[in-house]
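Reading the structure
Read off the chains here:
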Amino acid sequence: KAELEAQGYPGLDEWEMRWETEYKGRMAVSGFLKDKDIGSKRLISMPDRITNTINSDGRIFMRPSVISMFDGWMGSVPSWWKMWKDYMFRTEVHTLDRLSPGVYRIQNVSQMIQQIKHSKYPAISVEEEEISIPLQILALGIFDSVLLHILNTVAAKTWQPIKRSLCEAFNQNKGQEVISILNKSYDDADVIFVQEAAAAFVDQAKAGLGKKYMVLRPYLLDGYRNQNSIILARRGRFVEGSTIDVTEHVYRLAGGGKWLAPGDLCVMAMKGVDSSRYLLASFHGDTNGLASVPVLQALDEAIKSSYPDHILIFGLDANTHKYHSQTCQGVADFHSTYTAMGFGSCWGQKPTLKTWTTRNARTYLQPQLQKAVGMSDAARKGDVNLKDWILFYNQLVSVSEAMRDNTGERRFCEDHVFPTLKFPSDHAIVSCLLTRKF
């Protein structure tokens, strides 16, 4: 509490009351790690996303945690606890200011954590929203300490070497691996839509792909969650200097912060060398896909009201799922919605769940243990869904040669769970050929 008081967080009496009455007496695994409400409220996953790995003006900081790439010794909880508090409250980082492009803010790690809004995550109450920052810090500290205690109890001598080898295989140079795949297998693409990219990936893409592509990013990048949508537009296909960032316009039409965070959406109006005008949009939806339809409706409104002579091409991770409900956007409902609006997709007239673009399963070392799946159940209980789409107006464009790729070699292996050691994404690459009808 003293650390939080030093940061000036309000509502700490309420926070302490909730610790005493709601959290302190819980069983560590059944009462905390497996609590679905904590997962729904994002009290662990949200601060983990922000604090796990931070790119601070060229330097990389990692939270002392079982689930980060931190490679320091974590053999005892007391020594780890000091490192954890030093990291959260006394490590100064330089991060992109969400409201001032190109400007870096200097702050400690805990100050990067944002409020969790009841309007976006209804599971969290209005009262909890007010103290959601210290609640997140509390939940994250409990989570990290419990996992550490478990591993030091059952595999004290082996877990850290194993973790280190996995981190090296999956995470080091991930951005360069993506660029290598694009250079090797997709160098004929005219437009590439990228989602959930770290802010640092923009500079990597400019260095590795900039000779062939204009690297287009929204006016505001997310340097906190490091989940940014960007667009690569081929030089020679589009007129350089014709690009206008209209992300903010579509952002407002979609309801602003109710559905979107900085970096989720990138929309660019530009002219092609064929004299046509294009509206290119890249978007990453929320976990349950509820923002995908509002954003599509906003793009439709923008086209009709402001860019009627533009050809829209929309590449998105819609986070659509097998089944539709009030809390989850289903594939069939999404298809019927965009079809009624005059859109077509890369998946043709009848998208099928068999063309899934994710097939992964959460391990037990991640922020939402209730979603963990054992290795033998990965195919049956894992995240096997059609989430990724390329949309366009049917009257203007026809589609052919749609394909998925989970190897980086323009082929798809049905039995692969990914990411893999050679394919760094948990979403398949989706590609197609679009041809103007007139």
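This structure is a prediction, so every number in the text was calculated from the model and none was measured.

Rules of the game
- Residues numbered from 1 in each chain as written.
- Predicted model: local features only at pLDDT ≥ 70, side-chain atom pairs only at ≥ 80, totals over all residues.
- Heavy atoms only, no water.
- Helix = DSSP H or I, 4+ residues; strand = E, 2+ residues; numbered from the N terminus.
- Rg over C-alpha atoms; globule rule 2.2 N^0.38 Å.
- Contact = heavy atoms within 4.5 Å.
- Areas by Shrake-Rupley, 256 points an atom, 1.4 Å probe, with all protein chains shown as cover.
- Lys, Arg positive; Asp, Glu negative; His and termini not counted.
- Charge placed at Lys NZ, Arg CZ, Asp CG, Glu CD.
- Axes fitted to C-alpha atoms, helices over the stretch in contact; angles between N-to-C directions.
- Left-handed = near helix turned anticlockwise from the far one by under 90°.
- 1 Å grid on protein atoms, 1.4 Å probe; cavity = no way out; pocket = protein on both sides within 12 Å on 5 of 7 lines; lining within 4 Å.
- Points joined across faces, edges and corners; volume = space filled by probe spheres on them.
- Nonpolar A, V, L, I, M, F, W, Y, C, P; charged D, E, K, R; others polar.
- Buried < 20%, exposed > 50% of the residue type's maximum accessible area, 1.4 Å probe, protein only.
- Pairing = 2+ DSSP bridges.
- Phe/Tyr/Trp six-rings, centres within 6.5 Å; stacked < 30°, edge-to-face > 60°.
- Lys NZ or Arg CZ within 6 Å of the ring centre and 35° of its normal.
- Expected span 1.5 Å × (residues − 1).
- Arc of directions from axis to C-beta.
- Core = buried A, V, L, I, M, F, W, Y, C linked by side-chain atoms within 4.5 Å.

Now for the overall build of the chain. Within the chain, the secondary structure is distributed over 15 helices and 17 strands. Taken over C-alpha atoms, the radius of gyration comes to 22 Å for the chain, in line with the 22 Å a tight globule of 438 residues would show. The principal-axis extent of the C-alpha atoms belonging to the chain is close to 70 × 45 × 45 Å. In the chain, the proportion of contacts linking residues at least 24 apart, taken out of those at least 6 apart, comes to 69%. With the model as given, the accessible surface of the chain reaches about 20,500 Å², and the carbon-plus-sulfur share is 53%. Averaging the locations of the 51 positively and 48 negatively charged side chains of the chain gives two centres separated by 4 Å.

A few words now on the packing of helix H2 (residues 12-23) against helix H8 (residues 132-154). Close contact between H2 and H8 brings their axes to 10 Å; oriented N to C, the two are set at 35°. As H2 packs across H8, the resulting crossing turns out to be right-handed. Across from Leu12, Trp15, Trp19 and Tyr23 in H2, the residues of H8 making contact are Pro134, Leu135, Leu138 and Ile142.

As a further point, take the environment of glycine 175. Structurally, the position occupied by glycine 175 is in helix H10 (residues 174-185). Along the backbone, glycine 175 and tryptophan 347 are 172 residues apart, and their C-alpha atoms lie at a distance of 28 Å. Sequence-distant contacts of glycine 175, that is, excluding residues within four places in its chain, are made with Phe201 and Gln204.

Our focus in this paragraph is the layout of surface pockets. There is about 480 Å³ of room inside the second largest pocket. The wall of the second largest pocket is formed by 24 residues, among which Trp15, Trp19, Trp81, Leu138 and Ile142 lie closest to the centre. At six residues, H8 tops the list of elements feeding residues into the lining of the second largest pocket. Of the residues assigned to the lining of the second largest pocket, the class counts are 15 nonpolar, two polar and seven charged.

Attention now moves to the pairing of strand E9 (residues 265-271). The side chains of a regular strand alternate, residue by residue, between the two faces of the sheet. Burial runs high along E9: six of the seven residues are buried. Sheet analysis places strand E8 (residues 244-245) next to E9, joined by two bridges and oriented antiparallel. Bridge pairing links aspartate 245 to methionine 268 in E9. Where E9 meets strand E10 (residues 277-284), seven bridges bridge the pair, whose relative direction is antiparallel. Across the sheet, the residue bridging to leucine 265 is phenylalanine 283, located in E10. Following E9, the chain reverses through five residues before pairing antiparallel with E10; serine 275 in that reversal takes a positive phi of roughly 75°.

For the rest of this paragraph, the subject is the sheet that holds strand E6 (residues 213-216). Spatially, E5-E7-E6 is the arrangement adopted by the three strands of the open sheet, whose pairing is antiparallel. On the outer flanks of this sheet lie strand E5 (191-197) and E6, each paired with one strand and no other. Between one strand axis and the next, the sheet turns by 20° as a mean value, whatever way the strands run.

Moving on, we get to the packing of aromatic side chains. Evaluation of the coordinates by the stated rule reveals eleven aromatic pairs. Consider the rings of phenylalanine 334 and tryptophan 389, whose centres lie 5.2 Å apart with planes at 70°: the pair is edge-to-face. Linking phenylalanine 334 in helix H14 (residues 331-340) with tryptophan 389 in strand E15 (residues 388-393), this pair joins segments that are 55 residues apart in sequence. Ring-pair connections join several aromatic residues into one group, and the members of that group are Trp80, Trp81 and Trp84. One residue, arginine 404, lies across the ring of phenylalanine 412, its end atom 3.8 Å from the ring centre.

This part covers helix H6 (residues 77-90). The terminal C-alpha atoms of H6, which comprises 14 residues, lie 19 Å apart, in line with the 20 Å expected from a rise of 1.5 Å per residue. Those residues of H6 not exposed but buried are Trp80, Trp84, Tyr87, Met88 and Phe89. One face of H6 carries all of its buried residues, which in axial projection span an arc of 165°. Turned more than 90 degrees away from the buried face of H6 sit Pro78 and Lys82, all of them exposed.

Attention shifts here to H8. If you check H8, its first and last C-alpha atoms are 33 Å apart, about what 23 residues at 1.5 Å a residue would give, namely 33 Å. Most of H8 is tucked away, with 18 of its 23 residues classed as buried.

This brings us to the environment of tyrosine 186. Its location among the elements puts tyrosine 186 in the loop between H10 and E5. Residue tyrosine 186 is classed as buried on the basis of its relative accessible area, which comes to 4%. Spatially, the C-alpha atoms of tyrosine 186 and glutamate 409 are 8.9 Å apart, while their sequence positions differ by 223 residues. Leaving out residues up to four positions away in the same chain, tyrosine 186 has contacts with Ile181, Ile192, Tyr213, Asp405, Arg410, Ile429 and Ser431.

It is worth spelling out the nonpolar core at this point. If you look at the biggest cluster of nonpolar residues, it comprises 52 residues, and the most contacted ones within it are Leu279, Leu299, Phe314, Phe334, Trp389 and Leu391. Going through the elements one at a time, E6, strand E7 (228-234), E9, E10, helix H13 (292-306), strand E11 (310-317), H14 and E15 are the ones with two or more residues in this core. No other element matches the seven residues that H13 contributes to this core. In contact with leucine 279, not counting residues within four places along its chain, are Val246, Val267, Met268, Ala269, Leu299, Ile303, Tyr307, His310, Ile311, Leu312 and Ile313.

Turning our attention to unusual backbone geometry. Across residues other than glycine, the phi torsion is negative in most instances, and most of the peptide bonds are trans. For the peptide bond that leads from phenylalanine 418 to proline 419, omega is 20°, which places it in the cis range. Here proline 419 lies in the loop between strand E16 (397-405) and strand E17 (429-436). Positive phi values are uncommon outside glycine, yet glutamate 401 reaches one of about 60°. A residue is classified by how much of its surface remains accessible, and glutamate 401, at 62% relative accessible area, is exposed.

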